[in-house]
6 protein chains.
Amino acid sequence: MALVRLVEYPGAPPEVRSVYDDIMKTRGVDWINNFWKALANDPAELARVWSLVKQVMAPGALDPLVKEMIYVAVSVTNGCEYCTYSHTAAARKKGMSDAMFMELMAVVGLANQTNRLADGLRTEVDAQFRG
Amino acid sequence: MALVRLVEYPGAPPEVRSVYDDIMKTRGVDWINNFWKALANDPAELARVWSLVKQVMAPGALDPLVKEMIYVAVSVTNGCEYCTYSHTAAARKKGMSDAMFMELMAVVGLANQTNRLADGLRTEVDAQFRG
Amino acid sequence: MALVRLVEYPGAPPEVRSVYDDIMKTRGVDWINNFWKALANDPAELARVWSLVKQVMAPGALDPLVKEMIYVAVSVTNGCEYCTYSHTAAARKKGMSDAMFMELMAVVGLANQTNRLADGLRTEVDAQFRG
Amino acid sequence: MALVRLVEYPGAPPEVRSVYDDIMKTRGVDWINNFWKALANDPAELARVWSLVKQVMAPGALDPLVKEMIYVAVSVTNGCEYCTYSHTAAARKKGMSDAMFMELMAVVGLANQTNRLADGLRTEVDAQFRG
Amino acid sequence: MALVRLVEYPGAPPEVRSVYDDIMKTRGVDWINNFWKALANDPAELARVWSLVKQVMAPGALDPLVKEMIYVAVSVTNGCEYCTYSHTAAARKKGMSDAMFMELMAVVGLANQTNRLADGLRTEVDAQFRG
Amino acid sequence: MALVRLVEYPGAPPEVRSVYDDIMKTRGVDWINNFWKALANDPAELARVWSLVKQVMAPGALDPLVKEMIYVAVSVTNGCEYCTYSHTAAARKKGMSDAMFMELMAVVGLANQTNRLADGLRTEVDAQFRG
């Protein structure tokens, strides 16, 4: 159970409905997921975070699917259950196959391993990497 | 200063030299970075980790540059200084531009923000995401 | 299910009962939450941790509600489910409103975002901040 | 050394200067810290993040100093060096005394201890906390 | 529900069955736990990770039970639910008593507390520790 | 530079000196490391944390060296630089050889890898592990 009530579309204040409408339109879906319904308890924060997501995740120098997989990599590393489910679903919708997902996990697992080895052995950054 | 001595090529045991040679050949470089020199204090672990890196980071279902950027995303999320420097350098070598790096950081920053919001609000995973 | 059995009041050894009594008296409640019941498998650790909580969370230079919200901020950042629920409940009891909770989450989300941006861009600490 | 060049005021594009001006005016300072100079490599991200910081950290349901201390708590928990220095400096400027800082640290330390105990013992969330 | 289907023994490809057989034989069990069944969606990754686990967790300079408890300490610190359950079970099988588990948790809790205190106070590494 | 001044023995208040004396006596050393000198800005917290360290790290169900290595494992997983240096030094003093340290790192690296794989694949805890 969420720590705050979920704000459903019917009965939501106009500024919340307006963000909900934009989320559904932008994503081509007809429902709002729980994350936004919880965030809607603070309509200003809902608007800020959605605006950020919309801008940062829009096509840019990186491919949208690549960005979604980066989102999954971070969520997995943080151990965030909700985020892992929601962004894996989003990545699949954008074209991530099972093989791509498994390979993404292999990289995430490896990176976490070598991150700790580097942190544990306290290896100094090579001059060549500082550029 | 690393917590173990760095094993330099001259004087390294044959099984270490063999891994060093393969690293330099595979990456097309003529030097060994400190991570491997520290790991070489346990030649079996050096061989295992290099073998893993070589296999997991080889071209597969995902583009090598995409994999390197995922590595950066994990390293940044873990706050690993060495890894952030070394994998950013590797990603640049594989073609990551300044604009791509900045966009990668924007996604990593956003993901860390929404991960904590989802964790803090304790939003339940929507049935639609569980598939 | 917890990884150890929960030590219930009836049948608990005297040194555990004594801590349970102090927890209930200090907090003005008539029940013991699962965290302490699990910790009670090591009565010495139960006594140590409760003593620490009682001392550190007592009024001091900071307001008790502020301290409880800081506890929530840490718990959310660590992704600790139990702690997020229990300390949010404690903060609400000490006067945290819905608006305060949502604003707390906004700060926690923002801090996690900029933490990763600073870590990823590897910005050096300004001389002015080192004092 | 930062992973990107620092964008200094002289020579910065107008949209960057405009954000820099607002940062200095809002904070009543006459210099820009490295975090923003690094972020300015992506002027759109600079504007987004500054806008977020300005809005979220403005007075609201919580006291500005409380919010700054929550920022410190998160930064410490993430082990972010830059953020710990910069937000501790900001909190001191807003009135945090040495005694308040030490007490903040005591709470952060305690919360990290009990977070891991709860995670390790895998205590189930009490029905009372789920509300 | 796992994010990928679980690969059961009957119907699994030969290279997966071969790893499953080795896991059961090495561990003296007659079932395969979900982690491996999920990983089996990428047979090469299954083989790599199992090979790593088998080698790293084999008797060496450290006692097998000690290594399993270190595994638990890391899993708890990362807040990984699955790993905490599975490695605690493995440690119990190798001889960890209730008292040893509770003491392990006490150390893990303490280490997480002092880690954050050291990170928050930003204490410089003493010359004596750099060796 | 630490975020607070370091409290040196000469000139320290009696309650701080008393803890310093006990640290030096208990550890058989003639100097105080920076962590305690920073913590001494809050003499009550200094006394609490030292008391905790002294009790938790005393011989019990686990061997003192094992406990120190668990401390290192947690510190590495948290990426705490100070803690990694100080507890590795302590473990070496208690008998940890280079081979033991490298094997400890191998386990820590592996655990961090499989923790993320389990978190990413969202494998459900097997009934057998719940006991």
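Residues numbered from 1 in each chain as written. Chains lettered and ligands numbered in written order. Predicted model: local features only at pLDDT ≥ 70, side-chain atom pairs only at ≥ 80, totals over all residues. Heavy atoms only, no water.

Turning to the confidence of the model for chain A, a few remarks are in order. With 100% of its residues at a pLDDT of 70 or more, chain A shows a mean pLDDT of 97. Predicted complex, confidence summary: ipTM 0.97, pTM 0.98. (pLDDT = per-residue confidence, 0-100.)

With that settled, consider the side chain of Asn33(A). Locating Asn33(A) in the fold gives a position in the loop between helix 1 (14-27) and helix 2 (34-39). Accessibility expressed as a relative area gives 7% for Asn33(A), which makes it buried. Setting aside anything within four residues of it in sequence, one finds Asn33(A) in contact with Arg27(A), Tyr82(A), Asp126(B) and Phe129(B). (Helix = DSSP H or I, 4+ residues; strand = E, 2+ residues; numbered from the N terminus. Buried < 20%, exposed > 50% of the residue type's maximum accessible area, 1.4 Å probe, protein only. Contact = heavy atoms within 4.5 Å.)

On to the packing of helix 3 (residues 43-56) of chain C against helix 3 (residues 43-56) of chain F. Where helix 3 of chain C contacts helix 3 of chain F, the axes come no closer than 12 Å and their chain directions differ by 170 degrees. Between helix 3 of chain C and helix 3 of chain F, the interaxial angle falls into the category roughly antiparallel. Where helix 3 of chain C approaches helix 3 of chain F, its residues Glu45(C), Arg48(C), Leu52(C), Gln55(C) and Val56(C) are matched on the opposing element by Glu45(F), Arg48(F), Leu52(F), Gln55(F) and Val56(F). Class assignment of the residues belonging to the contact of helix 3 of chain C with helix 3 of chain F gives a composition of four nonpolar, two polar and four charged. (Axes fitted to C-alpha atoms, helices over the stretch in contact; angles between N-to-C directions. Parallel < 35°, antiparallel > 145°, perpendicular 65-115°, else oblique. Nonpolar A, V, L, I, M, F, W, Y, C, P; charged D, E, K, R; others polar.)

Now for the relation of the copies chain C and chain F. With an axial shift of 0.0 Å and an RMSD of 0.0 Å, the rotation relating chain C to chain F amounts to 180 degrees. Both copies are brought into coincidence by an operation consistent with a two-fold rotation axis. A symmetric contact is evident, with 100% of the interface residues of chain C recurring at the interface of chain F. (Least-squares fit on C-alpha atoms with pLDDT ≥ 70 in both.)

It is worth spelling out the relation of the copies chain A and chain B at this point. Between chain A and chain B, which share one sequence, the superposing operator has a rotation angle of 180 degrees and an axial displacement of 0.0 Å; the RMSD is 0.0 Å. Comparing contact sets, 100% of the residues at the interface of chain A also lie at the interface in chain B, consistent with an isologous, same-surface contact.

A few words now on the state of the cysteines. All names here are of chain A. All chains considered together, the criterion is met by six disulfides over all chains. What pairs with cysteine 80 in a disulfide is cysteine 83, and their sulfur atoms sit 2.2 Å apart. Because the torsion about its S-S bond is 50 degrees, the bridge between cysteine 80 and cysteine 83 counts as right-handed. On the accessibility criterion, cysteine 83 (3% relative accessible area) is buried. (Disulfide = S-S within 2.5 Å.)

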